[in-house]
Each structure stands twice: as structure tokens, then as C-alpha cells.
Amino acid sequence: IWGDGTISEGANPPAHFYRNASYTNELHYNLKLVAKSANGCTADSTIRIIVHPKVEADFEISTLSGCAPLNVSFMDKSKGAVEEESGWYIREGSENEFSFVDHDVLQYTFENTSSAAKTYEVMYVARNRGGCADSVVKEVVVQPAVVADFSAAPQNTYSGQKATFSNDALIPGV
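The shown structure was predicted, so the numbers you read here are calculated from the model rather than taken from an experiment.

Definitions and limits used
Residues numbered from 1 in each chain as written. Predicted model: local features only at pLDDT ≥ 70, side-chain atom pairs only at ≥ 80, totals over all residues. Heavy atoms only, no water. Phe/Tyr/Trp six-rings, centres within 6.5 Å; stacked < 30°, edge-to-face > 60°. Helix = DSSP H or I, 4+ residues; strand = E, 2+ residues; numbered from the N terminus. Buried < 20%, exposed > 50% of the residue type's maximum accessible area, 1.4 Å probe, protein only. Polar contact = N/O pair within 3.5 Å; in protein donor to acceptor, adjacent residues only side chain to side chain. Contact = heavy atoms within 4.5 Å. Patch = residues over 30% accessible without salt bridge, like charges linked within 9 Å, V, L, I, M, F, W, Y side chains within 5 Å. Areas by Shrake-Rupley, 256 points an atom, 1.4 Å probe, with all protein chains shown as cover. Salt bridge = Lys/Arg side-chain N within 4 Å of Asp/Glu carboxyl O. Lys, Arg positive; Asp, Glu negative; His and termini not counted. Charge placed at Lys NZ, Arg CZ, Asp CG, Glu CD. Pairing = 2+ DSSP bridges.

### Section: the packing of aromatic side chains
- In this structure the tally under the stated criterion is nine aromatic pairs.
- Ring plane angle 35° and centroid distance 5.1 Å describe the contact between F74 and W88, whose orientation is recorded as tilted. Of the two residues, F74 is situated in strand 5 (residues 70-76) and W88 in strand 6 (residues 87-92); the sequence distance between them amounts to 14 residues.
- Judged by its relative accessible area of 6%, F74 falls in the buried class.

### Points about the side chain of E121
- Examined against the element boundaries, E121 turns out to sit in strand 9 (residues 118-127).
- Note on E121: relative accessible area 16%, which makes it buried.
- Polar contacts involving the side chain of E121 include one to the side chain of R91, which spans 2.5 Å.
- Aside from chain neighbours lying at most four places away, what touches E121 is Y89, I90, R91, F98, V137, K138 and E139.

### A look at a negative patch on the surface
- Judged by side-chain charge, D76, E83, D102 and D104 come together as a negatively charged surface patch.
- Within the secondary structure, D104 sits in the loop between strand 7 (99-102) and strand 8 (107-110).

### What about the pairing of strand 6?
- The element strand 6 is extensively covered by neighbouring structure, given that five of its six residues are classed as buried.
- The sheet contact formed by strand 6 and strand 9 spans six bridges and is antiparallel. Note that in strand 9 the partner of R91 across the bridge is E121.
- Pairing of strand 6 with strand 7 involves three bridges; the strand directions are antiparallel. In the strand pairing of strand 7, Y89 is matched with F100.
- Counted between consecutive antiparallel strands, the loop separating strand 6 from strand 7 contains six residues.

### A look at unusual backbone geometry
- The step from A68 to P69 runs through a cis peptide bond, and the omega angle for that step is -10°.
- Looking at the element boundaries, P69 is found in the loop between strand 4 (65-67) and strand 5.
- In the segment running from A153 into P154, the intervening peptide bond is cis, with an omega of -10°.
- Looking at the secondary structure, you find P154 in the loop between strand 11 (150-153) and strand 12 (164-167).

Read these as spatial facts, not as claims about activity.
So, in C-alpha cells, the structure goes:
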């Protein structure tokens, strides 16, 4: 007797899957094994099964693309998660592993000093106290930082004198 209204018979009953649709409450089931011998003698044993609430990871992000340095705000929208059990992870698109950032990141500044756009992945792993977890990943595209710089020669001039300007920007083509 599985404790949820279903019954299996036989020496080796199949595995049983318990479901908990709640994001907040544990469900408790009393699982009962009734053994019966060939001569009609019976014995039983009961254990309690706890099914922890489910978790659904989700978050909002203030912007999905922009120029470096790109300051992004995050808002956790997960259901059933506990902040101190959950965590934020970030990786640059070319990296294999995510790096743990913190349990409660609200803002993060993405940098890009290269000459090409970089894609970062932000992952939030939502967990509850029972060990149940879910994760969601969103991408942030960061365009190269632009540094405006120029020079002029001569910098002290008089009326009618030609001044020459030079683009000294750090990003080619800017």
C-alpha cells in the first residue's frame, strides 16, 4: 500500500513515483508493506515517506544586451526556493564551467575589453531545504567597451591655421 491510494501486489512491486504539486508544503505518506505467507500468516511494516515541495527556477533580467561595462539587475522569480540554498552562476560563452557568484546577486557588471561581442550565460539554481532543485539559464550579450580618445595638432593655434585631428580610440573602427 503506497500511502497515496494506490496498491501493488507481488513479491517485487515496481518503483513508485510520488508527486507533490505544492511549492511550499511537504507531503507525508505512510507506506505499508503487508507480507502474507503461503499458509495464510500475515505481518506488516510501515514507514513514512516525505515528498518535498517542488521548485521552479525563474528570474527576470533588466537587459539582455548592451555595451560594456554593462550593469545588469536580476530579480528572482522562482517558486519554492530558499535563498540561502540557491545560487547564481555565470560563465562566458567560451568557458566550460559556470562560476559561482553568490546566493543573492541583485546586480552584476559584465565587462568586455575585446573587439568582438561576448556572450555570457547567467544560471540561477533554485533549491529548497529538502534538496529539490531546478535551474534556468539566460544569455547576456556584451558589446565591446568604447573608449573615445583623440588628439589634435597643434593644440595652440591661431586664426586660419590648419589643425589635424587623430582618432586614438582603443576599439578599431570607432
